[in-house]
Amino acid sequence: FTIYNTAKKYIGNTTINLGTTALKLKLCTSASNAETLTLSTFAGVTGEISARGGYVANGLALASMVWTVGASAKSYKFDAADLVFTASGSSLINVKYAVIGVSGGKALAWSKLSTGQFTITSPNTLTIQFNALGIFEMH
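Residues numbered from 1 in each chain as written. Predicted model: local features only at pLDDT ≥ 70, side-chain atom pairs only at ≥ 80, totals over all residues. Heavy atoms only, no water.

Peer 1: Sorry, what's going on with the packing of aromatic side chains here?
Peer 2: Any two aromatic rings considered together are summarised by their centre-to-centre distance and by the angle between their planes. The full count for this structure, using the stated rule, is six aromatic pairs. Ring centres of Y55 and F85 lie 5.9 Å apart, and the angle between their planes is 35 degrees; on these two criteria the pair is classed as tilted. Of the two residues, Y55 sits in the loop between β2 (24–28) and β3 (60–61) while F85 sits in strand β6 (residues 83–86), which places them 30 residues apart along the sequence. Considered together, Y55 and F85 belong to a single accessibility category, that of buried residues. Ring geometry for Y97 versus W110: centroids 6.1 Å apart, planes at 70 degrees, classification edge-to-face. Residue Y97 is located in strand β8 (residues 97–101), and its partner W110 is located in strand β9 (residues 107–112); the two are separated by 13 residues in the primary sequence. (Phe/Tyr/Trp six-rings, centres within 6.5 Å; stacked < 30°, edge-to-face > 60°. Helix = DSSP H or I, 4+ residues; strand = E, 2+ residues; numbered from the N terminus. Buried < 20%, exposed > 50% of the residue type's maximum accessible area, 1.4 Å probe, protein only.)

Below you can see the structure in the form of structure tokens.
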């Protein structure tokens, strides 16, 4: 995941309090502006996939958020439980990006899931498995 520029400020001044602020991960299409590092609000990220097939607007809530020692004793990683999106009754169409942020609040980070958009057909699942080094690591 890549952290948005202003998210660093919001983490520092506790506008985003990682570990206590409720975060969500939404899925976006290739038409999204998710890679624009100057985005500051979660709502400002365009191109969210359609709410259908079990997918709801603003995606899924992150659970089990935790800070732990990272790759060395000098670093800490922010992590959460992996997320599973299930296409139920219809497909989740044109997925390319995953974006983490505060519903109704600030954008935190984005990741490109694939070089091209893809579809999850019903009843298949998409698992967002966070890196062993966490969603991101601070040194």
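Peer 1: Explain the environment of N17 here, please?
Peer 2: Checked against the element boundaries, N17 lands in the loop between α1 (5–12) and β2. Taking C-alpha positions, N17 is 25 Å from T127, a pair spaced 110 residues apart along the chain.

Peer 1: Where do I start with the environment of L18 in this structure?
Peer 2: Note on placement: L18 falls in the loop between α1 and β2. Look past the residues within four positions of L18 in its chain and what remains in contact with it is I11, L23, W67, F78, L108 and F136. (Contact = heavy atoms within 4.5 Å.)

Peer 1: Please explain the sheet that holds strand β4 (residues 66–69) as it appears in this structure.
Peer 2: Within the open sheet, the three strands sit side by side as β4-β5-β12. Their pairing is antiparallel. Because the sheet does not close on itself, it has two edges, and the strands there are β4 and β12 (136–138). Each neighbouring strand pair of the sheet contributes to a mean axis angle of 30 degrees, computed without reference to strand direction. Pairing analysis gives four bridges linking β4 to strand β5 (residues 76–79), with the strands arranged antiparallel. Of the residues in β5, the one forming a bridge with T68 is K77. (Pairing = 2+ DSSP bridges. Axes fitted to C-alpha atoms, helices over the stretch in contact; angles between N-to-C directions.)

Peer 1: I keep staring at the sheet that holds β9 and nothing clicks. Help me out?
Peer 2: Neighbouring strands of a sheet are bound in pairs by backbone hydrogen bonds; such pairs are parallel or else antiparallel. Spatial strand order, β1-β9-β8-β2-β3: five strands in an open sheet with antiparallel pairing. Each edge of the open sheet carries a strand with a single partner, namely β1 (2–3) and β3. Of the strand pairs in this sheet, β1 and β9 are connected by two bridges, and their pairing is antiparallel. Bridge pairing links I3 to A109 in β9.

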